[in-house]
Amino acid sequence: MHVDKRIRHAGLAAKVMTATRAAELVDHGMTIGMSGFTGAGYPKAVPQALAARMVATHERGEPFRVRVLTGASTAPELDGALARADGIDLRLPYQSDPELRARINRGEMNYLDIHLSHVAQYAWFGFFGKIDLAVIEATAIMPDGSLMASSSVGNNKTWLDLADKVIVEVNHWQPLEMDGMHDIYYGTALPPHRKPIPLLKPDDRIGEPYLRLDPEKVIAVVETNAPDRNSAFAPLDDTSRQIAGNLIEFFRHEIAKGRLGPQLLPLQSGVGNIANAVLAGLRDGGFSGLSAFTEVIQDGMLDLLEHEVLSVASATSFSLSPAGIERFLDKIDFFRKRIILRTQEISNHPELVRRLGCIAMNGMVEADLYGNINSTHVAGTSIINGIGGSGDFARNGFLSCFLTPSTAKNGAVSCIVPMVSHVDHTEHDVAVVVTEQGLADLRGLSPRQRAKVVIERCAHPSYRPMLQDYFDRAMHSSRGKHTPHLLQEALSWHQRFLDTGDMRP
């Protein structure tokens, strides 16, 4: 058991100050790289102090906004606080805060929704300009000044390397027993000097246990003791179980055909109830010896690790419910041997995803007849959260599976539509579409063949005749018959929903 001494570098111990004082070191117009990924490992105190300072500055009639770059979404203490203070000029690459989302959709701030694997390399390419400041949560500062990462790694390595100045939040809530769980790879380079990444299987360790940090960059150290904020998952419902059952049955079919082995291939899973239902289905289905090469460790993966369905899980962050956090902390010695947290430029690296042959399982907003997927927007214009890492895995994985209930809003919305209102994943990157109604295997099918199986197997019965009618008329009247569409009504279902609150006539 470690002694709870968190700041082990004398020079950095001398830079300890309050969050209020640290926030005074932030200037209007800065580009700030902050830690945080899906509500884990984000700074808790400095963003709130910064938000208070922004409000006071605005009350004096002076501007104070910053550009905020993270790993993915954070939590109310960061995204929510800065959004309410009207303190964000640009946010990337992913968000889930209601206040932040509302301001983006009202056009009050800029939001750049990009693939998570692109963030670090775009920063290194200089596409985001100069990184003025990094604000990073750590579990501890080591004697040499390096940082023990906390419950997420995300883009912390990049922010620490590139930022002119650094503020470290040392969070006493984060368990010291995570020491040894992180694997920080320092072998990346800029083109044309890149070399192959020496990771051959999900449990390989190719990096270092700590984040390198130049102590001369550090302008403040702030001590906190605050938990990560992750929401509880809703109990599994029949729809989620049916979706999961359809996918598990498909896996068994692929094993019988010899296209998958009994241990499948490394799993990637999005976050949410359907994803947890799939993981529960793997446990109940008698699978064992599986592996995960994914972005986040969620409750269902802890369960699979405990039941030895999963032997190892590689990710960049946790995304646990409060109950999941308690479970992790209670058995942390067990999980430390089976979980590896990496930088997200490795966890989401397209070359690794392709070489390992990941099975990608992600949620969506809607799919159209030809297999195009919208995973980010309502009615084409209002962002929900963002594409996250789903594109990294869908385009490059062995199998790309997209899952959704067939309807939403108590049946007022069909999640299978003639044409998606926004395209995140084209038909070229989608292998399987799954709803509670069934599963459409789109591999090797032409667009017209895809439409047939999507309507028959995925659409809700109340919308199936409408979809069939649209397709039949498109086959007759569309100028081109390769991907038949009636352009004058392809998005009419979405417009009807905006006008009446229901896609049905």
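Note: the structure precedes this text.
The shown structure was predicted, so the numbers you read here are calculated from the model rather than taken from an experiment.

**Student:** What should I look at first to understand the packing of aromatic side chains in this one?
**Tutor:** Describing an aromatic ring pair means giving the distance of the ring centres and the angle of the ring planes. Inspection of every chain in the model, using the stated rule, returns 9 aromatic pairs. Among the aromatic residues, ring-to-ring pairing joins Tyr 122, Phe 125, Phe 127 and Phe 128 into one connected group. The ring of Tyr 42 has Lys 44 lying over it, and the distance from NZ or CZ to the ring centre is 4.0 Å. Sitting over the ring of Tyr 186, Arg 212 keeps its end group 3.9 Å from the ring centre.

**Student:** Can you help me understand the nonpolar core in this one?
**Tutor:** Soluble globular proteins tend to bury their nonpolar side chains together. Core analysis: the largest hydrophobic core is formed by 74 residues, its most contacted members being Leu 247, Phe 251 and Leu 282. Considering every element that reaches this core, the biggest residue donor is helix α8 (residues 238-256), with 6 residues. If we skip the residues at most four places from it in the chain, Leu 247 touches Val 278, Met 361, Cys 401, Leu 403, Val 434 and Leu 439. Residues Ala 22, Val 46, Leu 100 and Leu 133 belong to the second largest nonpolar core, which totals 39 residues.

**Student:** Before we go on, may I ask you to explain the pattern of salt bridges in this structure?
**Tutor:** Where charged atoms from two side chains of opposite charge come close, those side chains can pair. Within the structure shown, the criterion is met by 35 salt bridges. Of the charged contacts, one joins Glu 108 and Arg 106 as a salt bridge, the two residues approaching to 2.8 Å between their closest N and O atoms. Measuring nitrogen to oxygen at the nearest pair gives 3.0 Å for the salt bridge that ties Arg 443 to Glu 254. One end of the pair, Arg 443, is in the loop between β27 (439-441) and α16 (447-457); the other, Glu 254, is in helix α8, with 189 residues separating them in the sequence. Taken together, the shared-partner salt bridges connect Arg 65, Asp 86, Asp 89, Glu 99, Arg 103, Arg 106 and Glu 108 into one network.

**Student:** I tried to follow helix α10 (residues 299-306) on my own but got confused; where do I start?
**Tutor:** Since one α-helical turn is 3.6 residues long, residues separated by three or four positions face the same way. For α10, a buried count of 7 out of 8 residues is recorded, marking the element as mostly surrounded by other parts of the structure. Among the residues of α10, those classed as buried are Asp 299, Gly 300, Met 301, Leu 302, Asp 303, Leu 304 and Leu 305. With its phi angle positive at about 60°, Glu 308 sits one or two positions after the end of α10.

**Student:** How should I be thinking about the packing of helix α9 (residues 273-284) against α10 in this particular structure?
**Tutor:** Angle between the axes and distance between the axes: these two values describe a pair of packed helices. For the pair α9 and α10, interaxial distance at closest approach is 8 Å and the crossing angle is 15°. Here α10 runs roughly parallel to α9, going by the angle between their axes. Considering the relative orientation of α9 and α10, their crossing is left-handed. Taken together, the residues of α10 that come into contact with α9 (itself represented by Asn 276, Leu 279, Leu 282 and Arg 283) are Asp 299, Gly 300, Met 301, Asp 303 and Leu 304. Per-class residue counts for the contact of α9 with α10 are 4 nonpolar, 2 polar and 3 charged.

**Student:** Would you mind going over the pairing of strand β5 (residues 133-138) with me for this structure?
**Tutor:** The side chains of a regular strand alternate between both faces of the sheet. Burial analysis of β5 places 6 of its 6 residues in the buried class, which makes it a mostly covered element. Burial along β5 is two-sided: Leu 133, Val 135 and Glu 137 and Ala 134, Ile 136 and Ala 138, pointing in opposite directions, are all buried. In this structure, strand β1 (residues 31-34) lies alongside β5, joined through 3 bridges in parallel fashion. Note that in β5 the partner of Gly 33 across the bridge is Ala 134. Here β5 runs beside strand β8 (residues 165-171); their pairing, made up of 6 bridges, is parallel. Directly across from Glu 137, in β8, lies its bridge partner Glu 169.

**Student:** Which parts of the structure should I look at to understand helix α3 (residues 46-59)?
**Tutor:** An ideal rise of 1.5 Å per residue puts 20 Å on 14 residues; α3 measures up with 20 Å between its terminal C-alpha atoms. When we look at burial in α3, the residues that qualify are Val 46, Pro 47, Ala 49, Leu 50, Ala 51, Met 54 and Thr 57. Phi turns positive one or two residues past the end of α3, at Gly 61, with a value near 85°.

**Student:** Quick question: what am I supposed to make of the pairing of strand β3 (residues 88-92) here?
**Tutor:** The buried count for β3 comes to 4 of 5 residues, which makes it a mostly enclosed element. In terms of strand pairing, strand β2 (residues 66-69) meets β3 through 4 bridges, oriented parallel. For Leu 69, the partnering residue across the bridge sits in β3 and is Leu 92. Running through helix α4 (residues 76-84), the crossover from β2 to the neighbouring parallel element β3 is right-handed. Across 2 bridges, the pairing between β3 and strand β4 (residues 110-111) is parallel. Looking across to β4, one finds that Leu 90 is bridged to Asn 110. Viewed along the sheet, the connection from β3 through helix α5 (residues 98-105) into β4 turns out right-handed.

**Student:** So what exactly am I meant to see when it comes to the sheet that holds β8 here?
**Tutor:** Paired through their backbone hydrogen bonds, the strands of a sheet run either parallel or antiparallel. The parallel open sheet is built from 7 strands, whose spatial order is β4-β3-β2-β1-β5-β8-β10. Each edge of the open sheet carries a strand with a single partner, namely β4 and β10 (218-224). Bridge count between β1 and β2: 3 bridges; the pairing is parallel. Paired with Ile 32 across the two strands is Val 68, which belongs to β2.

**Student:** Honestly, unusual backbone geometry in this entry has me stumped. Any pointers?
**Tutor:** Peptide bonds are trans in most cases, and residues, glycine excluded, mostly fall at negative phi. A cis amide bond links Leu 92 with the next residue in sequence, Pro 93, at an omega value of 5°. Positionally, Pro 93 belongs in the loop between β3 and α5. Looking along the chain, the bond that leaves Pro 191 and enters Pro 192 is cis, with omega of 5°. Inspection of the secondary structure assignment puts Pro 192 in the loop between β9 (182-183) and β10. Its identity is not glycine, yet Thr 38 carries a phi of approximately 50°, on the positive side. With respect to the secondary-structure elements, Thr 38 resides in the loop between β1 and α3.

Definitions and limits used
- Residues numbered from 1 in each chain as written.
- Predicted model: local features only at pLDDT ≥ 70, side-chain atom pairs only at ≥ 80, totals over all residues.
- Heavy atoms only, no water.
- Phe/Tyr/Trp six-rings, centres within 6.5 Å; stacked < 30°, edge-to-face > 60°.
- Lys NZ or Arg CZ within 6 Å of the ring centre and 35° of its normal.
- Core = buried A, V, L, I, M, F, W, Y, C linked by side-chain atoms within 4.5 Å.
- Buried < 20%, exposed > 50% of the residue type's maximum accessible area, 1.4 Å probe, protein only.
- Helix = DSSP H or I, 4+ residues; strand = E, 2+ residues; numbered from the N terminus.
- Contact = heavy atoms within 4.5 Å.
- Salt bridge = Lys/Arg side-chain N within 4 Å of Asp/Glu carboxyl O.
- Axes fitted to C-alpha atoms, helices over the stretch in contact; angles between N-to-C directions.
- Parallel < 35°, antiparallel > 145°, perpendicular 65-115°, else oblique.
- Left-handed = near helix turned anticlockwise from the far one by under 90°.
- Nonpolar A, V, L, I, M, F, W, Y, C, P; charged D, E, K, R; others polar.
- Pairing = 2+ DSSP bridges.
- Expected span 1.5 Å × (residues − 1).
- Right-handed = clockwise from strand over helix to strand, strands pointing away.

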